[in-house]
Amino acid sequence: MAIVTPATPRTPAPIERDDLDRIRAPFRQATLLPGKAYHDESVYAWEREEIFFRDWIAVGRAEEVAEPGSFVLRDILGENVILVRGRDDVIRAFYNVCRHRGTAVEERECGKAVRFQCPYHAWIYDLDGRLIRAKHTEDLEDFSFDTFGLTTIRCETWGGFVFLCFSDDETLTPPLRGYLGDWFEHHEGFGRDLSTLRRAARLTYDVGANWKIVAENYSECYHCPGVHPLLNKLTPYDLGEDFLAQGPWKGGWMVFADGCETMSVNGQRDGRPLLYARDDAEARRIFYYILWPTVRCDLYVEADKVDTLDVSGAVEFWDITNREDYHVVELQQQGTRSRSWIAGRYSNQEASVHAFDIMVADRYANDGSHTVRGWRTETAAERRLVTRRLGPAQQAEQAEAAATHANVANRSS
């Protein structure tokens, strides 16, 4: 069922309405995205403008511009952007474009600056983007230093991550906290403060597949027994739950197999501390998230341990896993190009993929609707696992809770 909320109508994507209706149908009736969503250039052009240049996207970490005057450049779908920390300790973002003749005002990939000076005609901009020098403009009509600063891009931070929004219209894209829905509250409920983390490793790949195929792959473990033997040994593919997200994100957790502690080659933390586990149950889980529409692969640890913890086992594990994934997603990219392929159906292990595809379909429709997403309910295997550990009274409580859960689901759909 689609819940319509007030929103300014926007141009829909060049996808047939019938295809969108089939995606947004209830989980066990729905079909996957059509091949056009992965291959059509007009769809990608629409996504650039209506998703990537309209929504909030994560582009870096606050510690990359740790001190006033420090900056980094980012290429975001062809737009050259400067992230800089001002003298007032505020991180700002600007198009790296001089307002005079369009020259890039900064060529270094990162560094420190007192101000930005265009290398062409020496127009000078302060760290807050203000134009402070432009020789031979004093007699121009309708020209003001106050209105010819660097063009700003909306910039906010959460958990140490820097987010940008290229849209200036807050009626279409509200400030970050409003835009992300219950994302803030979800993580606060776990007591997580991701701003205390620092990147310990980065893995970079050139994947020959559409970004949505990569995200769909990340959203399920139906493929894990055959594609990821090591991963499936650590976290059995059919154990876990999804969160009922109310914002442009999705996530859930999986259960570690007996004797396993973390996602690494040997499955052991080897002395590395746990992050944010509130109890034994959470210590036995790994959590997965996709924050729409970003797809990234970095490894983080607490800042005070970034130089002392050995994360090589985790890096090796994720490199193996990523390469296994990217092999099959490239095969999917090839196959969905065939004129013979018609959008498939979801298995009962792929409710999380459906949740992601619903986000895509809602944005493609661009009609202000937000389809209620289903979630991956606990599997029979997990029920057996839990039941073995519960006494009769606790089993009865669990059955009552499951019935209530099902009633809520029925009311929502």
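Residues numbered from 1 in each chain as written. Predicted model: local features only at pLDDT ≥ 70, side-chain atom pairs only at ≥ 80, totals over all residues. Heavy atoms only, no water.

**Some thoughts on unusual backbone geometry**
Phi at Ala122 is positive, roughly 65°, even though this residue is not glycine. Note on placement: Ala122 falls in the loop between strand E7 (116-117) and strand E8 (124-125). The partly exposed category is assigned to Ala122, whose relative accessible area is 27%. Residues other than glycine seldom take positive phi values, yet Asp270 does so here, at roughly 50°. Of note, Asp270 is situated in the loop between strand E14 (249-255) and helix H9 (280-283). (Helix = DSSP H or I, 4+ residues; strand = E, 2+ residues; numbered from the N terminus. Buried < 20%, exposed > 50% of the residue type's maximum accessible area, 1.4 Å probe, protein only.)

**Quick word on helix H3 (residues 41-52)**
The periodicity of an α-helix, 3.6 residues per turn, causes residues three or four positions apart to be oriented the same way. Within H3 the residues assigned to the buried category are Val43, Trp46, Glu47, Glu50, Ile51 and Phe52. The buried side chains of H3 occupy one side of the element, clustering within an arc of 160° when seen end-on. On its buried face, H3 is in contact with helix H2 (36-39), strand E2 (57-61), helix H6 (211-218) and helix H11 (351-365). (Arc of directions from axis to C-beta. Contact = heavy atoms within 4.5 Å.)

**A word on the state of the cysteines**
For the structure shown, the criterion picks out one disulfide. Shown here is the disulfide that connects Cys221 with Cys224, its sulfur atoms set 1.9 Å apart. Judged by the torsion about the S-S bond (-105°), the Cys221/Cys224 disulfide is left-handed. The buried category is assigned to Cys221, whose relative accessible area is 9%. (Disulfide = S-S within 2.5 Å.)

**Some thoughts on the packing of aromatic side chains**
Under the definition given, this model contains 25 aromatic pairs. Measuring from ring centre to ring centre gives 5.9 Å for Phe161 and Tyr300, while their planes differ by 70°; the resulting arrangement is edge-to-face. Taken together, the positions of Phe161 in strand E11 (residues 161-165) and Tyr300 in strand E16 (residues 298-302) put the pair 139 residues apart, joining distant regions of the chain. Here Trp183 and Trp249 contribute two aromatic rings whose centre-to-centre distance is 5.3 Å and whose plane-to-plane angle is 70°, an arrangement assigned as edge-to-face. One end of the pair, Trp183, is in helix H5 (residues 183-190); the other, Trp249, is in strand E14, and 66 residues separate them in sequence. Its relative accessible area of 5% is what places Trp183 among the buried residues. For Trp249, a relative accessible area of 1% puts it in the buried group. One cation-aromatic arrangement involves Arg192 over Phe287; the distance from NZ or CZ to the ring centre is 4.9 Å. Residue placement shows Arg285 over the ring face of Trp253; its charged tip is 3.6 Å from the ring centre. (Phe/Tyr/Trp six-rings, centres within 6.5 Å; stacked < 30°, edge-to-face > 60°. Lys NZ or Arg CZ within 6 Å of the ring centre and 35° of its normal.)

**Let's talk about the pattern of salt bridges**
Per the stated rule, a full pass over the model turns up 27 salt bridges. A salt bridge links Glu63 to Arg198; its shortest N-O distance comes to 3.7 Å. With Glu63 in the loop between E2 and strand E3 (70-76) and Arg198 in strand E12 (residues 197-202), this residue pair connects regions lying 135 residues apart in the sequence. Taken together, the shared-partner salt bridges in this structure form one network comprising Arg17, Asp21, Arg24, Asp362 and Asp367. (Salt bridge = Lys/Arg side-chain N within 4 Å of Asp/Glu carboxyl O.)

**Observations concerning the packing of H6 against H11**
Between two packed helices, both the angle of their axes relative to each other and the distance between the axes serve to describe the pair. Running from N to C, H6 and H11 cross one another at 150°; their axes reach a closest spacing of 8 Å. By the criterion of interaxial angle, the relationship of H6 to H11 is roughly antiparallel. Relative to H11, H6 is oriented so that their crossing is right-handed. On H11, the residues that touch Trp211, Lys212, Ala215 and Glu216 of H6 are Val353, Phe356, Asp357, Val360 and Tyr364. Residue composition of the contact of H6 with H11, by class: six nonpolar, no polar and three charged. (Axes fitted to C-alpha atoms, helices over the stretch in contact; angles between N-to-C directions. Parallel < 35°, antiparallel > 145°, perpendicular 65-115°, else oblique. Left-handed = near helix turned anticlockwise from the far one by under 90°. Nonpolar A, V, L, I, M, F, W, Y, C, P; charged D, E, K, R; others polar.)

**Structural notes on the sheet that holds strand E10 (residues 152-158)**
The seven strands are arranged E2-E11-E10-E5-E4-E3-E6 in an open sheet whose pairing can be described as antiparallel. Where the open sheet ends on each side, the last strands, each with one partner, are E2 and strand E6 (110-112). Averaged over all adjacent pairs, the angle separating strand axes in this sheet is 30°, with direction ignored. Sheet topology places strand E4 (residues 79-85) next to strand E5 (residues 91-95); five bridges connect them, and they run antiparallel. What sits directly across from Leu83, in E5, is Ala93. (Pairing = 2+ DSSP bridges.)

**Here's the deal with the sheet that holds E8**
Strand order in the open sheet formed by three strands is E7-E8-E9, with antiparallel pairing between adjacent strands. Here the strands that pair on one side only, and so sit at the sheet edges, are E7 and strand E9 (131-133). Pairing geometry for E7 and E8, over two bridges, is antiparallel. Residue Phe116 lies in a different strand from E8, and its bridge partner there is Tyr125.

**Description of a negative patch on the surface**
A cluster of acidic residues, Glu138, Asp139, Glu141 and Asp142, forms a negative patch on the protein surface. Within the fold, Asp139 resides in the loop between E9 and E10. You can call Asp139 exposed: its relative accessible area is 61%. (Patch = residues over 30% accessible without salt bridge, like charges linked within 9 Å, V, L, I, M, F, W, Y side chains within 5 Å. Areas by Shrake-Rupley, 256 points an atom, 1.4 Å probe, with all protein chains shown as cover. Lys, Arg positive; Asp, Glu negative; His and termini not counted. Charge placed at Lys NZ, Arg CZ, Asp CG, Glu CD.)

**Things to note about the nonpolar core**
If you look at the biggest cluster of nonpolar residues, it comprises 54 residues, and the most contacted ones within it are Trp183, Trp292 and Tyr364. Here the element with the most residues in this core is H11; it accounts for eight residues. Apart from the residues lying within four places of it in its own chain, the contact partners of Trp183 are Trp158, Trp249, Tyr289 and Leu291. Counting residues in each nonpolar core, the second largest holds 18 residues, with Ala201, Leu231, Ile286 and Ala314 among its members. (Core = buried A, V, L, I, M, F, W, Y, C linked by side-chain atoms within 4.5 Å.)

**Thoughts on H6**
Where burial is concerned, most of H6 is hidden: seven out of the eight residues are buried. On its buried face, H6 is in contact with H2, H3, strand E15 (285-291), helix H10 (312-335) and H11.

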